[in-house]
Amino acid sequence: MTRRTLFALAGAASLSRGLAKAAEAKKQIKITGIETDLLRLPPSEFTGDAIHDFGSAEGGVVLRVLTDAGITGWGYSNFGMIEGGPRVVQTILEYEIKPVLIGQDPAFPKKIRTDLWRALEYQGAQGVTQFAMSVVDIAIWDILGKAAGLPVYKMLGAVRDRMPVYAMCGWYRKNDRDHSQYKRTIDETLEIGYRAFKVKVGRYSLEDDAERIEFGRKTAGKDIRIMVDANQAFNRVESLRRGRVYQELGCFWYEEPMPPWDHEGYAELAGALDMRVATGENEYNKHAFMDLLLKKGADVVQPDNRRAGGATEWIEIGAIADGFGVELASHGGGPANMNILCAIPNAIYMESGGKQKIINGEVLAPEAPGMSSEPNPDFIAKYKIG
Ligand SMILES: [Mg+2]
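Given the structure is predicted, the values throughout are model-derived calculations rather than measurements.

1. Things to note about the overall build of the protein chain
Within the protein chain, the regular secondary structure consists of 13 helices and 14 strands. On C-alpha atoms alone, the protein chain measures out to a radius of gyration of 24 Å, which is about the 21 Å that the 2.2 N^0.38 rule sets for 386 residues. Across its three principal directions, the C-alpha atoms of the protein chain cover 95 × 45 × 40 Å. Out of the 386 residues in the protein chain, the part that is buried amounts to 52%. Accessible surface computed for the protein chain: about 17,500 Å², of which carbon and sulfur atoms make up 54%. Here the protein chain holds 47 positive side-chain charges and 51 negative ones, and the gap between their average locations is 6 Å.

Quick look at the structure:
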């Protein structure tokens, strides 16, 4: 054998090994099925905002997306005050979404989103339908992170590995006229390390609102940021009348004073106030945010992980907001929110009621591969009803 042939043979062997490796690396993961659990959670302590009473039984849906690689993608969609909604989401997942997912490669989340929009448009790609699509996207990114051995925030293109957080302190509670529960919540929140908290307003009079804000300020001191949230309680006139007072009291942002669809009303308000106007927790997908932003209706947009459309859609909402020079904060907290927010440059806050470890007002991103949002198996076993 000549040296030349020997090298050619060695080269061929190494080339064939290389091709085998490339094929292995390129091996597509296939979605093989889904599993869902319907949860019913028992009543908890009453908390209220301007228009909602929380504390009665609520529900949720756990989603597992199964693959031929042995990796399972997890998602959980909770309904803080509704028992029936999760049944609808479970039905949509099992009957409409499952056939679209089977055989798909999870490395194509945008293709899956397009296919789901097409498959679900007949019943409307908003509302509970969007809850179902969002939880699918979260589970798909969980698979991708686990397959790559990376937390999702690094898969999405990280800008940071920690996020400022704020707590929800000022709920309306039963038997709290003297604000003793409110005060205890603020004290605990600051003790954990939070540097910002939110107060509900709008359930009663403006005088009551002002008293709640001033009590929070007196308790927390001048260096802590206070946001107010009116949960859609007002019309346009009342939004501005009360907003001027909240602004005078030094609140950091003024959240959702009007119904979410009144984008013109939000534009009038944002134009009239110097303080940040925040909204978006009840918007579905980037097209709604685009309309809000084109009308200059928000200084801070607040996507909700269950309604906005999952990581794929959120990243685009973040980019659209960034293009308008608008900040973003999550509605809700937890690891999935963290993973997404750490990949959005204009994100300023994660909402969190949690008692997690906080350093200088910030929470560290989860470092485990995937979304880090698998519900505890004991929690599922305890509350599973279907
Ligand atoms: Mg809110």
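Continuing now.
2. A look at unusual backbone geometry
Phi is positive for asparagine 175, which is not a glycine, with a value near 55°. Tracing the backbone shows asparagine 175 in the loop between strand E6 (162-170) and helix H6 (180-192). The phi torsion at serine 372 lies on the positive side, around 60°, for a residue other than glycine. Looking at the secondary structure, you find serine 372 in the loop between strand E14 (362-364) and helix H13 (377-383).

3. What to know about the nonpolar core
Ranked by internal contacts, the top residues of the largest apolar core, which has 87 residues, are Leu93, Ile97, Phe197, Tyr246, Tyr254 and Val301. The residue makeup of this core includes at least three contributed by each of domain 1 (28-150 + 377-383) and domain 2 (153-364). Look past the residues within four positions of leucine 93 in its chain and what remains in contact with it is Ile34, Thr36, Val61, Leu63, Lys98, Ala132, Val135 and Val136. Ranked by size, the runner-up nonpolar core spans 10 residues in total, among them Ala196, Met227, Phe252 and Ile348.

4. Focus: the coordination of the magnesium ion
Taken together, Asp229 (OD), Glu255 (OE) and Glu281 (OE) make up the protein donors of the magnesium ion, found 2.0 to 2.3 Å from the metal. Binding-site remark: the magnesium ion is held by donors from one chain whose sequence spacing is D-x25-E-x25-E. Here aspartate 229 is found in strand E8 (residues 225-229), whereas its partner glutamate 255 is found in strand E9 (residues 253-255), with 26 residues between them in sequence. Of the residues examined, aspartate 229 reaches a relative accessible area of 1% and is grouped as buried.

5. Details of the state of the cysteines
If you walk through the whole model with that rule in mind, you get 0 disulfides. Cysteine 169 supplies the cysteine sulfur nearest to cysteine 251, a cysteine that is in no disulfide, at a spacing of 14 Å.

6. Examining the pattern of salt bridges
Overall, the coordinates contain 30 salt bridges when judged by the stated rule. Note that arginine 203 is salt-bridged to aspartate 53, the shortest N-O span being 2.7 Å. On the criterion of sequence distance, the pair formed by arginine 203 in the loop between strand E7 (196-200) and helix H7 (206-220) and aspartate 53 in strand E3 (residues 53-54) is long-range, its members being 150 residues apart. Taking relative accessible area as the criterion, arginine 203 reaches 25% and is therefore assigned partly exposed.

Here is what the cut-offs are and how they apply
- Per chain, residue numbering runs from 1 following the sequence as it is written.
- Per-residue local features of the predicted model are confined to residues with pLDDT of at least 70, and side-chain atom pairs are confined, for both listing and counting, to 80 or more; whole-chain, interface and lining totals are unaffected and use all residues.
- Derived side-chain values reflect all non-hydrogen atoms in the structure, with water molecules and hydrogen atoms excluded from consideration.
- Secondary structure elements follow DSSP: runs of H or I of four or more residues count as helices, runs of E of two or more count as strands, with numbering from the N terminus.
- Here the radius of gyration uses the C-alpha set of atoms, whereas the globule reference equals 2.2 Å times the residue count to the power 0.38.
- To sort residues, take the accessible area from a 1.4 Å probe on protein chains only and compare it with the maximum for the residue type: under 20% means buried, over 50% means exposed, and anything in between is partly exposed.
- Calculation of accessible area relied on Shrake-Rupley with a 1.4 Å probe; when residues are assessed, cover is drawn exclusively from the protein chains displayed.
- Counting rule applied: Lys, Arg positive; Asp, Glu negative; His and chain ends not counted.
- Every charge is mapped onto a representative atom, which is NZ of Lys, CZ of Arg, CG of Asp or CD of Glu.
- Residues belong to a common nonpolar core when they are buried Ala, Val, Leu, Ile, Met, Phe, Trp, Tyr or Cys residues joined through side-chain atoms within 4.5 Å.
- Domain borders in the structure are assigned automatically or taken from a domain database.
- Here a residue-residue contact requires only that any non-hydrogen atoms of the pair lie within 4.5 Å.
- A 2.8 Å cut-off from the metal defines N, O and S donors, relaxed to 3.2 Å for Na, K and Ca; water is not in the atom list, so some sites may appear incomplete.
- In this description, a disulfide is simply a cysteine sulfur pair whose atoms lie within 2.5 Å.
- What counts as a salt bridge is simple: a side-chain nitrogen of Lys or Arg found within 4 Å of a carboxyl oxygen of Asp or Glu.

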